[in-house]
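The chain contents come next:
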Amino acid sequence: MRILAFGDSFVAGAGDPAHQGWLGRALAGRPEVTAYNLGVRGDTSADILRRWAAEAEARLSAAEPCGLVFAFGRNDAHAVEGRLRLTAAESLKNAHQLLTQGVARAPVLMVGPPPADEPALAARLEGLNEAFKALCGRLRAPYIDVLRPLAVSGTWLAEARAGDGAHPGAGGYQQMAELIAAHPAWRRFTGADGIAT
């Protein structure tokens with residue numbers, strides 16, 4: 001099958017010395033899955049909404065099962081010179097459009113944002129994570145919450161502090177990949193249990 005993952009630098013795997021990020025690690029040992037990493041550093045949900053359909057068009061295939069993964073939120077909640085890049089309401093509107101437009105083309109799955117060390121940003125991400133989870137519940141779209149488990153473990157945040165302040169190294173991405181790969185929604189979505197999406 002084909003997995004198209006749309007998102008930001010966390011999807012792209014910025015900071016990972018192996019250049020796999022969580023997506024490559026979550027699909028390790030799955031040669032039957034073709035992964036298209038469509039993460040763009042700095043992208044917000046508004047940026048992804050503008051570009052996803054054109055990028056998906058060249059990669060979706062009627063000949064084999066396809067799935068669309070959307071993962072964003074950290075850049076949405078980031079403040080630049082005291083101003084949020086996107087409000088929570090804007091993020092939710094974009095997420096709604098991405099999920100509803102996406103499911104008309106292929107099964108969809110959403111991965112929540114990872115944690116941040118800065119208290120105000122961390123609080124905004126917590127609220128956004130809960131709002132995304134509720135939206136996915138209403139839309140009956142699978143949602144994987146990685147924020148709290150990654151924050152509690154400490155590896156993600158410690159590696160981010162040791163790096164550029166935002167992105168972890170191999171350990172953080174490996175931990176995120178393990179959380180995602182073990183999640184029942186991901187296993188169903190990717191056919192890991194022998195069940196096609």
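See above for the structure.
The shown structure was predicted, so the numbers you read here are calculated from the model rather than taken from an experiment.

**Student:** How should the overall build of the protein be read in this particular structure?
**Tutor:** The secondary structure content of the protein amounts to ten helices and seven strands. Here the C-alpha radius of gyration of the protein, 16 Å, is about what a compact globule of 197 residues would show, namely 16 Å. Projected onto its principal axes, the C-alpha coordinates of the protein cover approximately 45 × 35 × 25 Å. Classification of the 197 residues of the protein by burial places 47% in the buried group. Put simply, of all contacts in the protein between residues at least 6 apart along the chain, 74% involve residues at least 24 apart. For the protein, the computed accessible surface area is about 8700 Å², with 55% contributed by carbon and sulfur atoms. Of the charged side chains in the protein, 20 are positive and 20 negative; the average position of the first set lies 5 Å away from that of the second.

**Student:** What am I meant to see in the environment of Ala-77 here?
**Tutor:** When you line up the elements, Ala-77 lands in helix α4 (residues 74-77). In this structure Ala-77 comes out as buried when scored by relative accessible area, which is 5%. The residues touching Ala-77, leaving out its near neighbours within four places in the chain, are Leu-84, Leu-121, Arg-124, Leu-125 and Leu-128.

**Student:** Mind showing me how you'd approach the pattern of salt bridges here?
**Tutor:** When the charged atoms of two side chains lie near each other, side chains of opposite charge can form a pair. Under the definition given, this model contains 15 salt bridges. The partner of Arg-41 in a salt bridge is Asp-164, and the shortest N-O contact between them spans 3.2 Å. Here Arg-41, found in the loop between β2 (34-39) and α3 (45-57), pairs with Asp-164, found in the loop between α8 (155-162) and α9 (170-182); they are 123 residues apart in sequence, far enough to count as distant. Among the residues examined, Asp-164 registers a relative accessible area of 46% and is labelled partly exposed. With its nearest N and O atoms 4.0 Å apart, the salt bridge here joins Arg-85 to Asp-47. With Arg-85 in the loop between β5 (83-84) and α5 (88-103) and Asp-47 in helix α3, the pair connects residues that are 38 residues apart, well separated along the chain. Connected through salt bridges with shared partners, the residues Glu-126, Glu-130, Lys-133, Asp-145 and Arg-148 form a single ionic network.

**Student:** It is not clear to me how α9 should be interpreted in this structure. Could you clarify?
**Tutor:** Owing to its 3.6 residues per turn, the α-helix aligns residues three or four sequence positions apart on the same side. The end-to-end C-alpha separation of α9 is 18 Å, in line with the 18 Å expected for 13 residues at 1.5 Å each. Turning to α9, its buried residues number three or more, namely Gly-172, Tyr-173, Met-176, Ala-177 and Ile-180. Summarising the axial view, the buried residues of α9 lie within an arc of 135 degrees, below the 170-degree limit, and thus occupy one face.

**Student:** So what exactly am I meant to see when it comes to the nonpolar core here?
**Tutor:** Nonpolar side chains in soluble globular proteins tend to end up buried together. With 29 residues, the main nonpolar core has Phe-6, Trp-52, Leu-68, Phe-70, Phe-72, Leu-99 and Met-110 as its most contacted residues. Elements that contribute at least two residues to this core include exactly β1 (2-7), α3, β3 (66-71), α5, β6 (108-111) and α6 (119-139). A total of six residues in this core trace back to one element, the largest contributor, which is α6. By size, the runner-up hydrophobic cluster in this structure holds 26 residues, among which are Val-11, Leu-109, Val-111 and Leu-157.

**Student:** Just to check I follow, could you spell out the sheet that holds β1 for this structure?
**Tutor:** Across a sheet, strands are paired by hydrogen bonds formed along the backbone, either parallel or antiparallel in direction. Taken together, the five strands give an open sheet; going across it, the order is β2-β1-β3-β6-β7, and neighbouring strands pair in parallel fashion. Edge strands, defined here as strands with exactly one partner in the open sheet, are β2 and β7 (143-144). Alignment of β6 against β7, held across two bridges, turns out to be parallel. Opposite Val-111, over in β7, you have Ile-144 as the bridge partner. Sitting on the sheet, α3 is in contact with β1, β2 and β3, with an inclination near 160 degrees to β1.

**Student:** Hey, could you run me through the layout of surface pockets in this one?
**Tutor:** It is the rolling of a water-molecule-sized probe over the atoms that shows where space remains empty. Volume-wise, the largest pocket comes out at about 210 Å³. Lining the largest pocket, in full, are Ser-9, Phe-10, Arg-41, Gly-42, Arg-74, Asn-75, His-78, Arg-85, Leu-121, Ala-166 and His-167. Every element with two or more residues in the lining of the largest pocket is listed here: α1 (9-12) and α4. Tallied by class, the residues present in the lining of the largest pocket amount to three nonpolar, five polar and three charged.

Rules used in this analysis
- Residues numbered from 1 in each chain as written.
- Predicted model: local features only at pLDDT ≥ 70, side-chain atom pairs only at ≥ 80, totals over all residues.
- Heavy atoms only, no water.
- Helix = DSSP H or I, 4+ residues; strand = E, 2+ residues; numbered from the N terminus.
- Rg over C-alpha atoms; globule rule 2.2 N^0.38 Å.
- Buried < 20%, exposed > 50% of the residue type's maximum accessible area, 1.4 Å probe, protein only.
- Contact = heavy atoms within 4.5 Å.
- Areas by Shrake-Rupley, 256 points an atom, 1.4 Å probe, with all protein chains shown as cover.
- Lys, Arg positive; Asp, Glu negative; His and termini not counted.
- Charge placed at Lys NZ, Arg CZ, Asp CG, Glu CD.
- Salt bridge = Lys/Arg side-chain N within 4 Å of Asp/Glu carboxyl O.
- Expected span 1.5 Å × (residues − 1).
- Arc of directions from axis to C-beta.
- Core = buried A, V, L, I, M, F, W, Y, C linked by side-chain atoms within 4.5 Å.
- Pairing = 2+ DSSP bridges.
- Axes fitted to C-alpha atoms, helices over the stretch in contact; angles between N-to-C directions.
- 1 Å grid on protein atoms, 1.4 Å probe; cavity = no way out; pocket = protein on both sides within 12 Å on 5 of 7 lines; lining within 4 Å.
- Points joined across faces, edges and corners; volume = space filled by probe spheres on them.
- Nonpolar A, V, L, I, M, F, W, Y, C, P; charged D, E, K, R; others polar.

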